[in-house]
Amino acid sequence: MALYDRVALIGLGLIASSMAHAMRQGGLCREITGHARSAETRATALEIGLCDRVFETAAEAVKGADLVVLAVPVGAMGAVAAEIAPHLERGATVTDVGSVKQAVIDAVQPHIPAGVHFIPGHPLAGTEHSGPRSGFATLFKNRWWLLTPTDTTDPAALARLRGLCEAMGANVDTMDAPHHDLVLAVTSHTPHLIAYTMVGVADHLRRVTQSEVIRYSAAGFRDFTRIAASDPTMWRDVFLTNKEATLDILGRFTEELFALQRAIRLGDGDHLHEYFTRTRAIRRGIIEAGQDTSAPDFGRVAEGATTTGKVRER
Ligand code: NAP
């Protein structure tokens with residue numbers, strides 16, 4: 001059942017293209033319009049049927065839309081909002097899918113005209129792939145989609161957007177933006193920074209040991225390289241805009257690392273064993289919450305699995 005008449009996707013990468021596939025599969029809107037920076041992406045979006053119509057400007061793409069989705073890197077949200085603002089329909093909803101919420105609100109909200117609802121959002125789903133061809137309809141299935149409304153958010157507009165996210169397979173929760181940014185700093189942003197760092201260390205080492213790091217790369221390192229292959233623009237923007245929360249968590253991480261370093265130096269096996277027992281329990285909790293499977297992952301594509309990359313929270 002169509003929940004919106006015309007949805008405008010601004011930015012046509014992994015998230016927007018997955019939304020397009022999911023909305024088409026579920027018949028959730030009547031028409032999808034779109035805009036991306038490059039002519040190549042716009043042409044691809046038409047070619048593979050993501051959009052019914054694409055436009056050279058975001059301003060043209062949002063005309064007549066009752067839902068506008070900002071799916072560009074976090075650092076580009078403010079400029080896009082400024083451009084589309086005069087062209088938004090009264091009564092329309094604008095949402096975004098940015099990985100950081102407070103910075104997007106600060107950049108976008110001032111441009112939203114009276115009579116238009118801005119409801120920030122963040123689907124906790126992604127892969128290390130990007131671009132219009134990387135999307136797939138089931139990306140959001142059984143993943144969280146966090147919305148960060150305020151006290152003044154229109155309840156009917158919120159319920160309608162929630163309905164769309166749920167119809168795409170997501171579980172929806174609401175929270176305030178600073179809390180979102182802190183939670184994501186723990187669950188996504190800092191882990192990504194650690195993966196980038198570890199792969200950087202190995203890259204440095206590779207120059208010493210020739211190709212051994214690559215040839216004999218074990219599961220732990222391979223998982224890091226997958227995460228560290230994520231889009232550089234997106235992640236640059238995440239760290240520039242979720243600065244305080246990331247630095248807070250990074251400080252705590254460093255303290256824990258020093259404690260483990262000390263345990264190794266002192267040969268304190270009890271400390272290490274007790275620590276790893278606690279972390280193992282957290283993994284079990286994630287599996288019990290249905291957010292991953294207990295299937296062993298040796299970095300090979302399991303039979304029947306997709307080749308689109310392993311879905312995970314971002
Ligand atoms: P992506 O695959 O890299 O696609 C980004 C899209 O935005 C491309 O179509 C790009 O156009 C377009 N774009 C970039 N700058 C633009 C600008 N200034 N004006 C207009 N279009 C512009 O990105 P994505 O992974 O879908 O991420 C989009 C948003 O979702 C980001 O805010 C990210 O934080 C958030 N998010 C990502 C993930 C994830 O795992 N990837 C998960 C949750 C949320 P061109 O192709 O023409 O360059």
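Residues numbered from 1 in each chain as written. Predicted model: local features only at pLDDT ≥ 70, side-chain atom pairs only at ≥ 80, totals over all residues. Heavy atoms only, no water.

Within an unreviewed UniProt entry, the label attached to the protein chain reads prephenate dehydrogenase, and the organism entered is Cereibacter ovatus. The record held by UniProt for the protein chain lists under Sequence similarities (unreviewed entry) the comment "Belongs to the prephenate/arogenate dehydrogenase family." Annotation of the protein chain in UniProt includes, under Catalytic activity (unreviewed entry), the sentence "prephenate + NAD(+) = 3-(4-hydroxyphenyl)pyruvate + CO2 + NADH". (UniProt positions renumbered as here; feature names shortened; annotations may be inferred.)

This brings us to the domain arrangement of the protein chain. The domains assigned to the protein chain are domain 1 (4-175) and domain 2 (179-288). One C-alpha centre belongs to domain 1, the other to domain 2, and the line joining them spans 30 Å. In this complex, domain 1 contributes 16 residues to the contact, which on the side of domain 2 involves 15 residues. Across the domain 1-domain 2 interface, the total number found is 0 salt bridges. Inspection of the domain 1/domain 2 interface yields 5 residue pairs in polar contact (both at pLDDT 80 or more). Residue composition of the side of domain 1 that touches domain 2, grouped by class: 8 nonpolar, 6 polar and 2 charged. (Domains from an automatic or database assignment. Contact = heavy atoms within 4.5 Å. Salt bridge = Lys/Arg side-chain N within 4 Å of Asp/Glu carboxyl O. Polar contact = N/O pair within 3.5 Å; in protein donor to acceptor, adjacent residues only side chain to side chain. Nonpolar A, V, L, I, M, F, W, Y, C, P; charged D, E, K, R; others polar.)

Looking now at the site of the ligand. Of all residues adjacent to the ligand, which total 28 residues, the nearest are Arg37, Ser38, Thr41, Val72 and Ser99. Here Ile15 contributes a backbone N or O atom positioned 2.9 Å from an oxygen atom of the ligand. Contact distances for the ligand include 2.8 Å between an oxygen atom and a backbone N or O atom of Gly131. Considering the ligand on its own, with 900 Å² of exposed area, one finds that the protein chains cover 88% of that surface. Most atoms of the ligand, that is more than half of them, are within 2 Å of grid points of the second largest pocket. At the level of secondary structure, the elements contributing two or more residues to the shell around the ligand comprise helix 1 (14-26) and strand 6 (117-123). Residue composition of the shell around the ligand, by class: 14 nonpolar, 12 polar and 2 charged. (Near = heavy atom within 4 Å. Areas by Shrake-Rupley, 256 points an atom, 1.4 Å probe, with all protein chains shown as cover. 1 Å grid on protein atoms, 1.4 Å probe; cavity = no way out; pocket = protein on both sides within 12 Å on 5 of 7 lines; lining within 4 Å. Sits in = over half its atoms within 2 Å of the grid points. Helix = DSSP H or I, 4+ residues; strand = E, 2+ residues; numbered from the N terminus.)

Turning to the layout of surface pockets, a few remarks are in order. Roughly 870 Å³ of internal volume is contained in the second largest pocket. If you go around the second largest pocket, you meet 39 residues; those closest to its centre are Gly13, Ala71, Val72, Pro73 and Asp231. Those elements that place two or more of their residues in the lining of the second largest pocket are helix 1, helix 4 (77-84), strand 6 and helix 10 (232-241). Counted by class, the lining of the second largest pocket contains 19 nonpolar, 15 polar and 5 charged residues. A domain-level breakdown of the lining of the second largest pocket finds at least three residues from each of domain 1 (4-175) and domain 2 (179-288). (Points joined across faces, edges and corners; volume = space filled by probe spheres on them.)

This part is about the side chain of Thr95. Summarising the element assignment, Thr95 is placed in strand 5 (residues 93-96). A relative accessible area of 5% means that Thr95 is categorised as buried. A polar contact of 2.6 Å, which involves the side chain of Thr95, links it to the backbone oxygen of Ile119. (Buried < 20%, exposed > 50% of the residue type's maximum accessible area, 1.4 Å probe, protein only.)

Attention now moves to the nonpolar core. Within the largest apolar cluster, 37 residues are counted, with the highest numbers of intra-cluster contacts made by Leu9, Met19, Met23, Phe140, Trp145 and Met168. Within the residue set of this core, elements represented by two or more residues are strand 1 (4-10), helix 1, strand 2 (29-35), strand 4 (67-70), strand 7 (144-147) and helix 6 (155-167). Examining the composition of this core, we find that 7 residues originate from one element, helix 1, more than from any other. When neighbours within four sequence positions are excluded, Trp145 is seen to be in contact with Met19, Val97, Gly121, His122, Pro123, Phe140, Cys165, Met168, Ala170, Asn171, Val172 and Asp173. Membership of the second largest hydrophobic core comes to 24 residues, among which are Ala58, Ala81, Ile84 and Ile112. (Core = buried A, V, L, I, M, F, W, Y, C linked by side-chain atoms within 4.5 Å.)

Bringing the pairing of strand 7 into the picture now. Within a regular strand, side chains alternate between the sheet's two faces. Sheet analysis places strand 6 next to strand 7, joined by 3 bridges and oriented antiparallel. Residue pairing for strand 7: Gly121 is matched across the bridge by Leu147. Sheet topology note: the strand 7/strand 8 (residues 171-174) ladder contains 4 bridges and is parallel. Each residue of the ladder has a partner; that of Leu146, found in strand 8, is Asp173. (Pairing = 2+ DSSP bridges.)

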